[in-house]
Structures are given as structure tokens and as C-alpha cells.
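# Observations on the three-dimensional arrangement
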Amino acid sequence: MKKVYLVGFMGSGKSAIGKRLSNLLDMPFYDMDTVIAQQTGMTIPQIFETYGEEGFREMETTFLHTFRDEYCIIATGGGVAMRKENREIMRRTGLVFYLNSTFRDIWRRISTDTNRPIVQRSTKSELEALFNKRKPLYLQSAHFKVETANRSLKEITQYIAFQIARFKDG
Ligand SMILES: Nc1ncnc2c1ncn2[C@@H]1O[C@H](COP(=O)(O)OP(=O)(O)O)[C@@H](O)[C@H]1O
Ligand SMILES: O=C(O)C1=C[C@@H](OP(=O)(O)O)[C@@H](O)[C@H](O)C1
Ligand SMILES: [Mg+2]
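Residues numbered from 1 in each chain as written. Chains lettered and ligands numbered in written order. Predicted model: local features only at pLDDT ≥ 70, side-chain atom pairs only at ≥ 80, totals over all residues.

To continue, consider the nonpolar core. By size, the foremost hydrophobic cluster in this structure holds 26 residues, and its most contacted members are Tyr 5, Leu 6, Val 7, Val 96, Phe 97 and Tyr 98. Looking at this core, the elements that each hand over two or more residues are strand E1 (3–7), helix H1 (14–25), helix H3 (44–66), strand E3 (72–75), helix H4 (84–93), strand E4 (94–100) and helix H8 (153–167). Broken down by element, this core gets its largest block of residues, five residues, from E4. If we skip the residues at most four places from it in the chain, Val 96 touches Tyr 5, Val 7, Met 90, Arg 91, Ser 141, Ala 142 and His 143. Counting five residues, the second-largest nonpolar core is a separate cluster that includes Phe 9, Met 10, Ile 106 and Phe 131. (Core = buried A, V, L, I, M, F, W, Y, C linked by C-beta atoms within 7 Å. Buried ≥ 20, exposed ≤ 12 C-beta atoms within 10 Å, placed from the backbone. Helix = DSSP H or I, 4+ residues; strand = E, 2+ residues; numbered from the N terminus. Contact = placed C-beta atoms within 7 Å.)

So this is what it looks like as C-alpha cells:
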């Protein structure tokens, strides 16, 4: 087992928990959005504007195919688990944790964010429909479902660290 992937909807805490897990376990951390933004020299909204959502999705899949072979933690973007190809790569090369959150929590965290183009272009009910549509695919991608409602970032991080310790050599 080489990598730990965090999947889940926007605002479920993938980036925040990935960073904390990395500190706790002393493992390198990569946020796919950050790496793709660095590689292109553009922000995520600029990438969507220039290459379209499909262009961004190709960059995500290329990341998964080409990213270095290293024991590390990867926070995916919320759309990564939607492609079968991506799900297969993640399951084959690591342990996949799905951060399950309520839409209520998600909306509170992301509704005013300007760095997520999908939030910018969607109404609340469109986002909730997307949340419901994506859920089964997050579940398909994951080895573990992690409940995040009413849990602090610290509690969630500790829970995932515990599971990694149990399964990392399996
Ligand atoms: N369980 C939680 N408790 C408190 N704050 C949270 C929790 N999960 C996420 N957050 C906060 O919500 C915001 C969005 O989280 P983020 O890690 O960017 O989500 P993602 O990468 O999944 O889109 C951040 O400010 C993060 O600290
Ligand atoms: O759900 C999505 O389709 C997206 C989620 C974002 O990442 P976060 O899940 O970290 O917000 C980012 O990759 C992009 O804005 C698209
Ligand atoms: Mg993120």
C-alpha cells in the first residue's frame, strides 16, 4: 500500500484533514488542486475558464497516472472519484477514505467560496442534486466511509490515522 486518498464532496474536509494527517503521521501531503494549479500556473477558476471542466478533468486523470510512486497522502478534488478510471487507479495504488458529510454542513462551508467554479455556477438545489448524484460513486471508490458530522477535524484525523495503521501493510 503506497498512498492514502481522501475523497468526498467539496467542503467535506479533504484538504484540511489531509494536511493534519500529514503532520500527525509525518507523511508527505499533496492536494491535487494545488499541484494542478502549480503545474499550470493558473487558479482552478482560471483553468475551468480556459480549458473547460473537461480539460480540468483530464488534468486530474493525468495526475493520477503520472504522480510519483511514494507513500503519501493525497487530497483529491471533489470530482475525481466520478471517473471509473480514476476510481480504479486510486483503489489499486492506495487506501481510499470517503469523507461523508451532510449537505447542510457542506453548504455552510462552501456557499460563499469563490475558488470553486462549480459552486459559482450552481444554485443551492443544483448543488444538492449533484451531492446526491455523486454519493454512490464516492462509496464505490472507497475502502472506508468516514462519518464527519459532529466531529472535529482532529477527531476525524485521528480516526483515519488509526485505520491507516491497521491496514497499511495489508
Ligand atoms: N469536520 C469539520 N469540522 C470543522 N470544520 C471543517 C470540518 N470539515 C471541514 N471543515 C472546514 O471546512 C472548510 C472546507 O474544507 P476543505 O478541507 O477545503 O474541504 P475540501 O477539500 O473537501 O473541499 C475548511 O475551512 C475546513 O477547515
Ligand atoms: O467537486 C468538484 O468538481 C471540484 C472540487 C474542487 O475541490 P474540493 O473538493 O477540494 O473543493 C476542485 O477540484 C474543483 O473546483 C472541482
Ligand atoms: Mg480541497
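Time to look at the confidence of the model for the protein. Reading predicted coordinates in detail is not appropriate for stretches of low pLDDT. Predicted confidence across the protein gives a mean pLDDT of 97, with 98% of residues reaching 70 or more. In the predicted assembly, ipTM is 0.99 and pTM is 0.98. (pLDDT = per-residue confidence, 0-100.)

This part is about the site of ligand 2. The full set of residues close to ligand 2 is Met 10, Lys 14, Ser 15, Asp 33, Ile 44, Gly 77, Gly 78, Gly 79, Arg 116, Pro 117 and Ile 118. Only H1 and helix H6 (117–121) provide two or more residues apiece to the shell around ligand 2. Counted by class, the shell around ligand 2 contains four nonpolar, four polar and three charged residues. (Near = placed C-beta within 6 Å. Nonpolar A, V, L, I, M, F, W, Y, C, P; charged D, E, K, R; others polar.)

It is worth spelling out the pairing of E1 at this point. Counting buried positions over the five residues of E1 gives five, a clear majority of the element. Residues Lys 3, Tyr 5 and Val 7 point to one face of E1 and Val 4 and Leu 6 to the other, with burial holding for every one of them. In the sheet, E1 pairs with E3 via four bridges, with the strands oriented parallel. Bridging across to E3, Tyr 5 finds its partner in Ile 74. Relative to E4, E1 runs parallel, the two sharing five bridges. Bridging from a neighbouring strand, Val 4 pairs with Leu 95 of E4. (Pairing = 2+ DSSP bridges.)

As a further point, take the site of ligand 1. Near ligand 1 you find 16 residues, and of these Gly 13, Lys 14, Ser 15, Ala 16 and Arg 109 are the closest. For the shell around ligand 1, the secondary-structure elements that each account for two or more residues are H1 and H8. Top contributing element to the shell around ligand 1 by residue count: H1, with three residues. Its residues assigned to classes, the shell around ligand 1 comprises five nonpolar, eight polar and three charged.

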